[in-house]
Structure formats: C-alpha cells, structure tokens
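Chain by chain, the residues run as shown.
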Amino acid sequence: MYETIKYSVENGVAWLTLNRPDKLNAFTSQMNKEIQKAIKISAGADEVRAIIVTGEGRAFCSGQDLSDVDEGMNLGQKLREDYGPMMEQIANCEKPIIAGVNGVAAGAGFSLALACDFRLVSEKASFLNAFVNIGLIPDSGNLYYLSRIVGHAKALELSLLGEKVTAGEAKNIGLATKVIGVDEWNEHLKAFAENIANKPTKAIGLIKRYLEASYHLSLEEYLKEEAEGQRIAGLTKDYAEGVAAFTEKRKAHFIGK
C-alpha cells in the first residue's frame, strides 16, 4: 500500500513512519502523497484516536530529496502540488497529531514537525531551518507555525541564522513538548500517544478547530463560534460519560464519540 512510509494502528494510535532511512527520510513527491493519504485514512477511521508521525533510522526527516528536484524547476509549483496538499491535510485533521522527532528535522522536515500538535523530541534530535543556507525562504508552512510556537523574534532568528537547535534548546524555547532519553524513547512515545488517544477525541478536534479560528475572528465572532462548538461537544457520548464519571467519582472512559 505504501512504498516510502510505514503505516500501522495499535491501541487507538496510527503510526506513520517515514521510511527512507538511507536518505535520512528525505521527501519525494511520492512520500508527500503517501503522507497525505495516510493522514486522510487516519482522520476517517473510528479506531484511530491519535496519530504519530516519526522517522525510521537515525533521522526524522532531512527535508526535500534534492535528487527529486530538476534544475530550473518551478519551486512554487512544486509546493502547490506536493507540500501544500500534504500540509493542508495535516491542518484539517481534527485528531491529535504527535511528531516523534527521533533525529534531525531539517528544512521541510522541520515544517512537518511544526505542523503537528505535539513535538516529542529525542535527546539526540535537532532542528534546522536550513533554507537560508541555500538562498531560499522557509516553506511548507514553516514560518506560519514557527512564529506561533516560538514568537516572532525567535522565528526570525532561527530562520535568518540557519543554525542547529538542540533538543534542550528546543524545550527551552517552547518548540519541544517533551525531551525523551534515547533508552526511554519507544516506551515514552507510545505511552504519550496512547494517553492522548484515550481522551475525548471529538472535544480535542473542536479545541483544535476553535483555537485556529481565534486567530482570525473578532471576539464577538469568536464567542458565537465557541457557543456552537460547545453545543456540539455537549451532544457527544464522551460528554455524558465525563459528567457521569465526575458525579460517580470515578475515572472517565471515553470512546471518542
């Protein structure tokens, strides 16, 4: 079904693993399309309640595979055809998406990590906004997400200097949700994802939706949208279970509906 990624579902978590380890999981057009397809399938699957994007081998993703780019290619067109649809599919997914940054995340690989809702980072991993080093601008939604996550000044610094960001620094500037030791990597990544998968999935989707809406709406408009979102949340089975669990002083068991 896939040639450049691996896809599996376990305990409510879809594992999407970039699988070109000999190329440091660099992007090709095919990989862009396969990621888009896997996210779409995960978004529509009831058994999937959280998604992990990670890399096979020693890298998360080193960015665009330059052997897949022709000299003189219209780079804007490539973004519109390959990266834009992939990033929009990620943005439109209302299920929580976790970047398991196991190694270097550079260029568009950095952008991929930024687009996820959480970034769990191995202590040996690093980030690199390398575009400026070859005379390009950060793309694939990079500046859009980076400025929101670390602020304008830090986003400008990382983008103009093009210097490596270690896992420790990523945690300090709010880029990394959590830094995990190499020996604990698989265990902690899995536990984090399964914990998220056991939360009320519909509420998570609504939170993501309205947080994004807050950037574009006036307060008056937002409060109207918020009220509609709460109406929808109040009709879910998970809301009923949450109230019952609170009343009965027990742990809630959410089903994602």
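To keep things clear, this report deals only with the structure shown in the data block. Quick caveat: nothing in here was measured; it's all calculated off a predicted structure. (Residues numbered from 1 in each chain as written. Predicted model: local features only at pLDDT ≥ 70, side-chain atom pairs only at ≥ 80, totals over all residues. Heavy atoms only, no water.)

1. Some points on the sheet that holds strand S9 (residues 165-166)
Thinking step 1. In space, the 4 strands of this open sheet follow the order S4-S6-S8-S9, with mixed pairing throughout. Only two strands of the sheet have a single partner each, and these edge strands are strand S4 (59-61) and S9.
Thinking step 2. Sheet topology places S4 next to strand S6 (residues 104-106); 2 bridges connect them, and they run parallel. Considered in S6, the bridge of Ala 59 is made with Val 104.
Thinking step 3. Running over the sheet, helix H3 (residues 108-115) touches S4, S6 and strand S8 (126-128) and is turned about 100 degrees from S6. (Pairing = 2+ DSSP bridges. Helix = DSSP H or I, 4+ residues; strand = E, 2+ residues; numbered from the N terminus. Contact = heavy atoms within 4.5 Å. Axes fitted to C-alpha atoms, helices over the stretch in contact; angles between N-to-C directions.)

2. Let's talk about the pairing of strand S7 (residues 118-122)
Thinking step 1. Among the 5 residues in S7, 4 count as buried, and that is most of the element.
Thinking step 2. Bridging between strand S5 (residues 97-101) and S7 involves 4 bridges; their strand directions are parallel. Counterpart to Val 101 in the pairing with S7 is Val 121.
Thinking step 3. By the bridge criterion, 3 bridges tie S7 to strand S10 (residues 178-180) in an arrangement that is parallel. When the bridges of S10 are listed, Leu 120 appears paired with Lys 178. (Buried < 20%, exposed > 50% of the residue type's maximum accessible area, 1.4 Å probe, protein only.)

3. Examining the sheet that holds strand S1 (residues 5-10)
Whether parallel or antiparallel, the strands of a sheet pair through hydrogen bonds between backbone atoms.
Thinking step 1. Pairing within the open sheet is mixed, and its 6 strands lie in the order S1-S2-S3-S5-S7-S10. Strand pairing shows two members of the sheet lacking a second neighbour, S1 and S10, which therefore form its edges. Ignoring strand direction, the axes of neighbouring strands in this sheet form an average angle of 20 degrees.
Thinking step 2. Contacting S1, strand S2 (13-18), strand S3 (50-55) and S5, helix H1 (residues 29-44) runs over the sheet at an angle of about 15 degrees to S1.

Purely geometric stuff here, so don't read any function into it on its own.
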